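# Reading the structure
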Amino acid sequence: LIADFIRQHPDINLSMHQWDWDDCIKGLLEETLDVAFLILHHNKSLPPLLNSRVVHRDRLMLVCRKDPEIQNCVDALHKYHMTLVEGKPLGDTRIIRCFENMGLEISPIMVDSLPASFTYVQAGLGAIFLPENYFRQHKYDDLMALEIPDPAANIAHVLVWNKAHQNPAIQLLLTVFQALS
């Protein structure tokens, strides 16, 4: 998408950097940054900035399909350990918060990678928490997707800008993203 935008608008200088949330917000408010793509979690609000949702992703719990006892994520948590990937504290916090909000306790297994999580799940020993689009794109026929009935499982990717900033390229970029959603 960004590559298409650059090809369509070669006169616009697009410089991209990876910054943390607070630095992006500060740059937008101080007008040293024109626009930011941010992940907006269910409990985050933006300061007085404009934003437009680009992508909304629900998280799903995945379990082994061959277990007929599992009908929902509550059943799965009573039977399986939740796999959490070491080194992903934000993801782990979100997962734990979802289930705490539902009044459930999880029994986590810490793994070193996403493939290790899949190994546990495919062996019928654990559950994994993944974005819905990731699951749909990869066609895991041996896994069953369960919806997580808590807002903490939802994440929106948003385009954020300062309304005081008058860069016309922002509107062009926004138009491209709105056409996709």
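First, a word on what this report is: a plain description of the structure on this page. No experiment lies behind these values; they were computed from the predicted model shown.

For strand 3 (residues 81-85), the buried fraction is high: 4 of the 5 residues fall into the buried class. Two elements, strand 3 and strand 5 (residues 126-131), share 2 bridges in a ladder whose sense is parallel. Among the inter-strand pairings, H81 is bridged to a residue of strand 5, identified as G126. In terms of strand pairing, strand 3 meets strand 4 (residues 108-111) through 4 bridges, oriented parallel. Residue pairing across strands places V85 opposite V111, the latter belonging to strand 4.

Opposite charge on two side chains permits them to pair, given that their charged atoms come into close proximity. Evaluation of the coordinates by the stated rule reveals 3 salt bridges. Between R136 and E132 there is a salt bridge whose closest N-O contact spans 3.2 Å. Here the residue R136 and the residue E132 both occupy positions in helix 6 (residues 132-138), the gap between them amounting to 4 residues, near one helical turn. The structure contains a network of salt bridges with shared partners spanning D67, E69 and K79.

The next point concerns helix 2 (residues 21-29). The complete set of buried residues in helix 2 reads W21, C24, I25, G27 and L28. Mapping the buried residues of helix 2 onto a view down its axis gives an arc of 165 degrees, with all of them on the same face. You can read the cap of helix 2 off the contacts: a side-chain oxygen lies 3.3 Å from the backbone nitrogen of D22, and it is on D20. One or two steps after helix 2, the chain reaches E31, where phi turns positive at roughly 60 degrees.

Basis of the calculations
- Residues numbered from 1 in each chain as written.
- Predicted model: local features only at pLDDT ≥ 70, side-chain atom pairs only at ≥ 80, totals over all residues.
- Heavy atoms only, no water.
- Buried < 20%, exposed > 50% of the residue type's maximum accessible area, 1.4 Å probe, protein only.
- Helix = DSSP H or I, 4+ residues; strand = E, 2+ residues; numbered from the N terminus.
- Pairing = 2+ DSSP bridges.
- Salt bridge = Lys/Arg side-chain N within 4 Å of Asp/Glu carboxyl O.
- Arc of directions from axis to C-beta.
- Polar contact = N/O pair within 3.5 Å; in protein donor to acceptor, adjacent residues only side chain to side chain.

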